[in-house]
Amino acid sequence: EFETIVFTNLAPDHIGGHEHPTFEHYRDCKRSLFFEYKAKNMVYNADDEACEYMINPALSLYPVSSYGNGSFNASDIEPYKENGVLGISFKMRTSRSAYNVKTRSPGAFSAYNAMIAMVCAKLCGVNFSSSAKKLADISVIGRFECVDIFKDRIFVIDYAHNGFSLRAVLEALKKYPHNRLICLFGSVGGRTEGRRAELGKVAAELCDFSIITSDNP
């Protein structure tokens, strides 16, 4: 049983081989979380096309949005570079107030993730001011992790493992001033064969140079 459940997005992933036979099967398995586990609260991305299919109206609902569709909305999303870290700042608005938020991760998707985290924390008793202050200093290992080694370049480590997530990361990076964008990536394991073509396509489209590796070594 879960007290609070979250829907961030739905993308065509985890399909084929050792995972789900079809996209519809994957989608409906994900949907079961929101209907079959006796949750009380649901926090969700109101801008995702699949959200209506995923929403359980029997729960207490908390939509977040960048387009004014939610109870919690992001505006004034701006990229920043500070002490070797790439991130965004934005204003989270509720029906009563607004909060200035900074995250050590770039892209509009980071605003959604930050707002969802803040709403979940609020449901656990943490006020928005406290969570906004904490987010400014939090980094997640392996999730848009900036490694500041040289003054003239930045290395970013991320778990982007399919075309959808790699595109989100690379498009976010391209919004920062840069001379060249290099992408080093791999795709190993029996369940990842269907992802390889889309990873290559996205990297070829958005990067200046790509390096394909056997990954784990």
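J.: Before we go on, may I ask you to explain the overall build of the chain in this structure?
T.: In terms of helices and strands, the chain carries six helices and ten strands. A compact globule built from 217 residues would reach a C-alpha radius of gyration of about 17 Å, and the chain, at 18 Å, matches this within 12%. By its C-alpha atoms, the chain is 50 × 45 × 25 Å across when sized along the principal axes. Sequence separation of 24 or more characterises 49% of the internal contacts of the chain that already satisfy a separation of 6 or more. When the 25 basic and 25 acidic side-chain charges of the chain are each reduced to a single mean position, those positions are 6 Å apart.

J.: Would you mind going over the sheet that holds strand E3 (residues 60–65) with me for this structure?
T.: The strands making up a sheet associate through hydrogen bonds between their backbones, and the pairing can be parallel or antiparallel. Here we have six strands laid out as an open sheet, ordered E1-E2-E3-E4-E5-E6, and mixed in their pairing. A strand with exactly one partner marks an edge of an open sheet, and here the two such strands are strand E1 (4–7) and strand E6 (98–103). Along the sheet, successive strands turn relative to each other by an average axial angle of 25°, direction set aside. Relative to E6, strand E5 (residues 85–93) runs antiparallel, the two being bridged by six bridges. Counterpart to Met 92 in the pairing with E6 is Tyr 99. Its contacts with the sheet place helix H4 (residues 128–135) against strand E4 (72–82), E5 and E6, and it is angled at close to 20° to E6.

J.: How should the packing of helix H3 (residues 108–123) against H4 be read in this particular structure?
T.: In helix packing, the relevant descriptors are the interaxial angle and the interaxial distance, both defined with respect to the helix axes. As a packed pair, H3 and H4 sit with axes 9 Å apart at the nearest point and diverge in direction by 135°. Here H4 runs oblique to H3, going by the angle between their axes. Judged by the twist between their axes, the crossing of H3 over H4 is right-handed. Counted together, Ala 114, Met 118, Val 119, Ala 121 and Lys 122 of H3 and Phe 128, Ser 131, Ala 132 and Leu 135 of H4 form the full contact between these two elements. Residue composition of the contact of H3 with H4, by class: seven nonpolar, one polar and one charged.

J.: Before we go on, may I ask you to explain the packing of aromatic side chains in this structure?
T.: The way to describe two aromatic rings as a pair is by their centre distance and the angle between their planes. On inspection of all chains with the given rule, the structure shows four aromatic pairs. An angle of 70° between the planes, with centres 6.0 Å apart, marks the rings of Phe 2 and Tyr 37 as edge-to-face. With Phe 2 in the segment before E1 and Tyr 37 in the loop between helix H1 (23–32) and strand E2 (41–45), this residue pair connects regions lying 35 residues apart in the sequence. A ring pair is formed by Phe 72 and Phe 128, whose centres lie 5.8 Å apart and whose planes are at 70°; its orientation type is edge-to-face. One end of the pair, Phe 72, is in strand E4; the other, Phe 128, is in helix H4, with 56 residues separating them in the sequence. An identical accessibility class is assigned to Phe 72 and Phe 128; each is buried. One aromatic cluster is present, built from ring pairs that chain together Phe 72, Tyr 99 and Phe 128. Against the face of Phe 35 rests Arg 31, its NZ or CZ located 4.1 Å from the ring centre. The side chain of Lys 122 reaches across the aromatic face of Phe 128, ending 5.4 Å from its centre.

J.: Honestly, the pairing of E3 in this entry has me stumped. Any pointers?
T.: Consecutive side chains of a regular strand alternate in pointing toward one face of the sheet and then the other. Sheet topology note: the E2/E3 ladder contains five bridges and is parallel. In the sheet register, Asn 41 faces E3, and the bridge partner there is Ser 60. Pairing between E3 and E4: two bridges, direction parallel. By the bridge assignment for E4, Ser 65 is matched with Asn 73.

What counts, and at which threshold
Residues numbered from 1 in each chain as written. Predicted model: local features only at pLDDT ≥ 70, side-chain atom pairs only at ≥ 80, totals over all residues. Heavy atoms only, no water. Helix = DSSP H or I, 4+ residues; strand = E, 2+ residues; numbered from the N terminus. Rg over C-alpha atoms; globule rule 2.2 N^0.38 Å. Contact = heavy atoms within 4.5 Å. Lys, Arg positive; Asp, Glu negative; His and termini not counted. Charge placed at Lys NZ, Arg CZ, Asp CG, Glu CD. Pairing = 2+ DSSP bridges. Axes fitted to C-alpha atoms, helices over the stretch in contact; angles between N-to-C directions. Parallel < 35°, antiparallel > 145°, perpendicular 65-115°, else oblique. Left-handed = near helix turned anticlockwise from the far one by under 90°. Nonpolar A, V, L, I, M, F, W, Y, C, P; charged D, E, K, R; others polar. Phe/Tyr/Trp six-rings, centres within 6.5 Å; stacked < 30°, edge-to-face > 60°. Buried < 20%, exposed > 50% of the residue type's maximum accessible area, 1.4 Å probe, protein only. Lys NZ or Arg CZ within 6 Å of the ring centre and 35° of its normal.

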